[in-house]
Amino acid sequence: METKFSIPGFEPFKKGKVRELYNIPCFREDLALCITTDQISAFDKVIGNIKGKGIVLNRISNFWKKYFNFLIRNDVFEIDSKEIFYNFGIFEDPSDLFERSTLIQKIKPLPFEFIVRGYLAGGIFEEYENNDRKPDIYFGNFLPGNLEEADRLSHPIFTPSTKAEKGHDINITFWDVAKEIGYLKTEHIMTTSIAIYAIAHQYLLERGVILVDTKFEFGFVEDSSGDKHLCLLDEVLTPDSSRFWDIDAYNPGSTQESFDKQPFRDWLIKTGWDKKSQPPEIPQSIEEETIVRYKEIERRILSN
């Protein structure tokens, strides 16, 4: 399913489920224009478009990257992206395109997603439930027995996964990553990931939101002296990459009210879609409900 926000006459050099990256004519080769589309994906497929979603994701992600500047570098290059569109021959003010665009540095991402979980939900709860809620090792971390769905864990846990271009990601352990990139780098990524999660969790609690879990992408950038620094890439703490619950409705032992993509996934499951054929068309009511949730979490994140 094609995005409606491609730049006429230009092809992205990389196109994901939600984002497109463009080389910029007559400009620095180490920079790219990232456009966040309105596409929404689930179960590794693009399902359709949610009007305005890309703008919300872009604003949220850029907010968090700036917020965590004190802790870690990121891929955002500080320059007005409106001027960059002149290089593409766009001189008018298509604000809908500008608001979903960010100028970024080209940094090679590591081939993993780094997930931090603070609550028993999603895939880890499914594994736990399938094991009759017994104490065991889950995604490389020990969990005690008899926990309820949505229970808060005793501490945030680190559960990396592979990053598949096609098909499903595979859950792996800290040590699987360490074998590929080394122990010290993996430890640095783990401690940074947990620190970002913990700080964001407290920030959001003060705004009536529980940060359940989230995933990060990282790469390493080399400075002029040859030193390599960990760098935060892609989207950060958005409703596409995280679970957010309403603290006022929080009730362990049941499914929680959320401000993220999970209700959209739940709707998709209820349609009976087989996850292989053409996805069903998104009803207007589902589109409206989804963007309302996304805008609500944006409002809470960006509130002072």
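The preceding data block contains the structure.
Residues numbered from 1 in each chain as written. Predicted model: local features only at pLDDT ≥ 70, side-chain atom pairs only at ≥ 80, totals over all residues. Heavy atoms only, no water.

K.L.:
Before we go on, may I ask you to explain the sheet that holds strand β7 (residues 101-105) in this structure?
P.N.:
Two pairing modes exist for strands in a sheet, parallel and antiparallel, and in both the strands are linked by backbone hydrogen bonds. Strand order in this open sheet of 4 strands is β1-β2-β3-β7, and the pairing throughout is antiparallel. Strands at the two margins of the open sheet, each flanked by one partner only, are β1 (14-15) and β7. (Pairing = 2+ DSSP bridges. Helix = DSSP H or I, 4+ residues; strand = E, 2+ residues; numbered from the N terminus.)

K.L.:
In this structure, what is going on with unusual backbone geometry? I would like to understand it.
P.N.:
Excluding glycine, residues mostly have negative phi values, and the peptide bonds linking residues are mostly trans. For arginine 133, which is not glycine, the phi dihedral falls at a positive 55°. Along the chain, arginine 133 turns up in the loop between α4 (122-130) and β9 (136-138). One non-glycine residue, phenylalanine 139, lies in the positive phi region at around 50°. For phenylalanine 139, a relative accessible area of 12% translates into the label buried. (Buried < 20%, exposed > 50% of the residue type's maximum accessible area, 1.4 Å probe, protein only.)

K.L.:
Would you mind going over the environment of glycine 89 with me for this structure?
P.N.:
As for its placement among the helices and strands, glycine 89 is situated in the loop between α2 (81-84) and α3 (95-98). On the basis of relative accessible area, glycine 89 is assigned to the partly exposed category, the value being 48%. Separated by 10 residues in the primary sequence, glycine 89 and glutamate 99 place their C-alpha atoms 18 Å from one another.

K.L.:
Explanation requested: the environment of glutamate 281 in the structure shown.
P.N.:
Inspection of the secondary structure assignment puts glutamate 281 in the loop between α7 (262-270) and α8 (284-302). Along the primary structure glutamate 281 and asparagine 49 are separated by 232 residues, whereas in three dimensions their C-alpha atoms are 9.7 Å apart.

K.L.:
Any chance you could explain a nonpolar patch on the surface here in plain terms?
P.N.:
A cluster of nonpolar side chains, namely Tyr67, Phe70 and Leu71, defines an oily patch on the protein surface of about 290 Å² accessible area. If you trace the backbone, phenylalanine 70 turns up in the loop between α1 (53-67) and β6 (73-74). Given the relative accessible area of 58%, phenylalanine 70 is considered exposed. (Patch = residues over 30% accessible without salt bridge, like charges linked within 9 Å, V, L, I, M, F, W, Y side chains within 5 Å. Areas by Shrake-Rupley, 256 points an atom, 1.4 Å probe, with all protein chains shown as cover. Salt bridge = Lys/Arg side-chain N within 4 Å of Asp/Glu carboxyl O.)

K.L.:
Would you mind showing me how to read the pairing of strand β5 (residues 45-49) here?
P.N.:
Of the pairings in the sheet, the one linking strand β4 (residues 39-42) to β5 comprises 4 bridges and is antiparallel in character. Bridging from a neighbouring strand, serine 41 pairs with valine 46 of β5. Connecting β4 to the next strand, β5, in antiparallel fashion are 2 residues, including phenylalanine 43 with a positive phi near 55°.

K.L.:
What should I look at first to understand α4 in this one?
P.N.:
For an α-helix, the turn length of 3.6 residues means that residues three or four places apart are oriented alike. Along α4, the positions that sit buried rather than exposed are Gly122, Ile124, Phe125 and Tyr128. On an axial view of α4, the arc spanned by its buried residues comes to 145°, and they lie on one face. Looking at α4, the residues exposed on the side facing more than 90 degrees away from the buried face are Glu126 and Asn130. (Arc of directions from axis to C-beta.)

K.L.:
Sorry, what's going on with the nonpolar core here?
P.N.:
A general feature of soluble globular proteins is that nonpolar side chains tend to end up buried together. Trp64, Phe218 and Leu237 are the most contacted members of the largest nonpolar core, which has 53 residues in total. For tryptophan 64, the contacting residues outside a window of four places in its chain are Ala200, Tyr203, Leu204, Val236, Leu237 and Ile301. Residues Ile24, Leu33, Phe85 and Phe88 belong to the second largest nonpolar core, which totals 13 residues. (Core = buried A, V, L, I, M, F, W, Y, C linked by side-chain atoms within 4.5 Å. Contact = heavy atoms within 4.5 Å.)

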